[in-house]
Amino acid sequence: MAKKMKDTDYLFISTYLHSRERDLLTAARMERMIDAPTAAEAAKVLSEIGYGEFDASSQRELGAVLAQEQEKLFQDLYRFVPDKAVVDVFKVKYDYHNLKALIKARATGADGYDRLLLDAGRVSAEEMRRAVWEGDYGVLPPALRQAAGEAVEVLSASGDPQLADFLLDRAYYAEMLSAARDTGSGFLVSYVQATIDSANLRSAVRTLRMKKGADMLRRVLVEGGTIRPDSIQAAALGGNLEDLYRSGNLRQAAELGTAAVNGGSLTAFEKACDDAVTAVAARAKSVPFGVEAVISYLAAKEIEFTAVRIIMSGRMAGISGDTIRERLREAYV
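A brief report on the enclosed structure follows. (Residues numbered from 1 in each chain as written. Predicted model: local features only at pLDDT ≥ 70, side-chain atom pairs only at ≥ 80, totals over all residues. Heavy atoms only, no water.)

Some words on the overall build of the protein
Phase 1 of the analysis: The number of helices and strands found in the protein is 16 helices and zero strands.
Phase 2 of the analysis: Relative to the compact-globule value of 20 Å for 333 residues, the protein shows a C-alpha radius of gyration of 20 Å, a close match.
Phase 3 of the analysis: In terms of overall dimensions, the protein has C-alpha extents of about 50 × 45 × 45 Å along its principal axes.
Phase 4 of the analysis: Of all intrachain contacts in the protein linking residues separated by at least 6 positions in sequence, the fraction that spans at least 24 positions is 66%.
Phase 5 of the analysis: Carbon and sulfur atoms form 49% of the exposed surface of the protein, whose accessible area is close to 15,600 Å².
Phase 6 of the analysis: Side chains of the protein carry 43 positive and 47 negative charges; the gap between the two charge centres is 2 Å. (Helix = DSSP H or I, 4+ residues; strand = E, 2+ residues; numbered from the N terminus. Rg over C-alpha atoms; globule rule 2.2 N^0.38 Å. Contact = heavy atoms within 4.5 Å. Areas by Shrake-Rupley, 256 points an atom, 1.4 Å probe, with all protein chains shown as cover. Lys, Arg positive; Asp, Glu negative; His and termini not counted. Charge placed at Lys NZ, Arg CZ, Asp CG, Glu CD.)

Here's the deal with empty space enclosed by the protein
To find leftover empty space, one rolls a probe the size of a water molecule over the atoms.
Phase 1 of the analysis: Taken as a whole and judged by the stated rule, the model has two cavities of 30 Å³ or more.
Phase 2 of the analysis: As a volume, the second largest cavity reaches approximately 30 Å³.
Phase 3 of the analysis: Of all the secondary structure elements, the ones that give two or more residues to the lining of the second largest cavity are helix 4 (59-80), helix 5 (84-108) and helix 15 (291-317).
Phase 4 of the analysis: Each residue belonging to the lining of the second largest cavity can be placed in one class, and the counts come to six nonpolar, one polar and one charged. (1 Å grid on protein atoms, 1.4 Å probe; cavity = no way out; pocket = protein on both sides within 12 Å on 5 of 7 lines; lining within 4 Å. Points joined across faces, edges and corners; volume = space filled by probe spheres on them. Nonpolar A, V, L, I, M, F, W, Y, C, P; charged D, E, K, R; others polar.)

Focus on the layout of surface pockets
Phase 1 of the analysis: Here the largest pocket defines a volume of roughly 1,700 Å³.
Phase 2 of the analysis: When contributions to the lining of the largest pocket are tallied by element, the ones reaching two or more residues are helix 4, helix 5, helix 8 (161-183), helix 9 (186-209), helix 10 (214-220), helix 14 (266-281) and helix 15.
Phase 3 of the analysis: No other element matches the ten residues that helix 9 contributes to the lining of the largest pocket.
Phase 4 of the analysis: Counted by class, the lining of the largest pocket contains 24 nonpolar, 13 polar and twelve charged residues.
Phase 5 of the analysis: Forming the walls of the second largest pocket are Q59, R60, G63, A64, A67, H97, D114, R115, L116, L117, L118 and R309.
Phase 6 of the analysis: Take the lining of the second largest pocket: its biggest share by element is five residues, from helix 4.
Phase 7 of the analysis: For the lining of the second largest pocket, a count of residues per class yields five nonpolar, three polar and four charged.

Notes on the nonpolar core
Where a protein is soluble and globular, its nonpolar side chains tend to be buried together.
Phase 1 of the analysis: The biggest cluster of nonpolar side chains holds 88 residues, and the ones touching the most others in it are L46 and M312.
Phase 2 of the analysis: When residues of this core are assigned to their parent elements, the largest contribution, 13 residues, is made by helix 15.
Phase 3 of the analysis: Residues within four places of L46 in sequence aside, it is in contact with L25, M33, Y51, F54, V308 and M312.
Phase 4 of the analysis: One finds V205, V220, L250 and A254 within the second-largest nonpolar core, a separate group that totals 23 residues. (Core = buried A, V, L, I, M, F, W, Y, C linked by side-chain atoms within 4.5 Å. Buried < 20%, exposed > 50% of the residue type's maximum accessible area, 1.4 Å probe, protein only.)

So, the side chain of D165
Phase 1 of the analysis: Position of D165 among the secondary structure elements: in helix 8.
Phase 2 of the analysis: Other than its neighbours up to four places away in sequence, D165 contacts K100 and K104.

Comments concerning helix 9
Phase 1 of the analysis: In this model helix 9 runs 34 Å from its N-terminal to its C-terminal C-alpha over 24 residues, within 8% of the 34 Å that 1.5 Å per residue would give.
Phase 2 of the analysis: Of all 24 residues in helix 9, 20 are buried; the element is thus mostly enclosed.
Phase 3 of the analysis: Two residues or fewer after helix 9 comes K211, characterised by a positive phi angle close to 60 degrees. (Expected span 1.5 Å × (residues − 1).)

A look at unusual backbone geometry
Working note: non-glycine residues mostly have negative phi, and peptide bonds are mostly trans.
Phase 1 of the analysis: In this structure, K211 is a non-glycine residue whose phi angle is positive, near 60 degrees.
Phase 2 of the analysis: Topologically, K211 is positioned in the loop between helix 9 and helix 10.
Phase 3 of the analysis: Given the relative accessible area of 74%, K211 is considered exposed.

Considering the packing of aromatic side chains
Phase 1 of the analysis: Applying the stated criterion across every chain, the model contains seven aromatic pairs.
Phase 2 of the analysis: Ring geometry for Y172 against Y173: centres 4.6 Å apart, planes inclined by 45 degrees, an arrangement best described as tilted.
Phase 3 of the analysis: Taken together, the ring pairs in this structure connect F12, Y16 and F80 into an aromatic cluster. (Phe/Tyr/Trp six-rings, centres within 6.5 Å; stacked < 30°, edge-to-face > 60°.)

Digging into the pattern of salt bridges
Phase 1 of the analysis: If you walk through the whole model with that rule in mind, you get 24 salt bridges.
Phase 2 of the analysis: Here R122 and E175 are joined by a salt bridge, their closest N and O atoms 2.7 Å apart. Separated by 53 residues along the polypeptide, R122 in the loop between helix 5 and helix 6 (125-134) and E175 in helix 8 bring together distant segments of the chain.
Phase 3 of the analysis: Its relative accessible area of 26% is what places R122 among the partly exposed residues.
Phase 4 of the analysis: Take E175: its relative accessible area is 11%, and that puts it in the buried class. (Salt bridge = Lys/Arg side-chain N within 4 Å of Asp/Glu carboxyl O.)

Written out as structure tokens, the structure is:
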């Protein structure tokens, strides 16, 4: 287990990140992007807060500039964060994202997988590609290495990419939670557990909406959240999801989830799930210094990257401003 840091160890990085908050994509800036006369004008708002220039008509360039910002974010924090394992908790998902894409590409012989890779994980995209292509996972961290081997075996035996995805999702959340606990930060553990709770509710609602039953629920629900998978399964199959989540952050999401199962808006439900996780991260706003400042800033940037993708993709596709607003998550600032 990593050495537990004191709050005072984070004085410098906390001050630095609080000063950087003025350059986050605020709700007001989002509105400027949505109301801008053209997608190119919307992109100029991003340049004001430090994003590189890109062709506002190109999804590929949008993806590239977001990838650059993610890499820059992690590199910047690595320089100053006393416990780099805190940053690694947020990098884990990019490892599993890349691993999923590469395992499927190798199994199917599909081209174009390279544009799906994000060089923001603990393992570089190129190292991951080489590991999967050569079947040598020694360069990967232990938990990721084991998950990779098991996913390849499952896909080879079943020919079903979905089964491999279920296995990798379970491994991802387990490793992220374990890594959070190793940092000694209760706040980070609560944030990761909120992420797992949100993912499980989302999986339950999607499963019910597709009219799948207990077997699918057992596969898609993962351990580690504040609500056990068997409780979620029982509530989902019994039509009592709202009762199960009534006292927590996901109360509104569960209500919208019940509506979505019956044909209501899936977009509104998924937005509410993400907003509930944002609310957990926002609890750190009042903390002047400490590891919470790093965690909340990382969470805020993830929210920002999602918002940039939603707004710019919408502008490129000519989607109305009201529709874009419906898809946006709550801004951190």
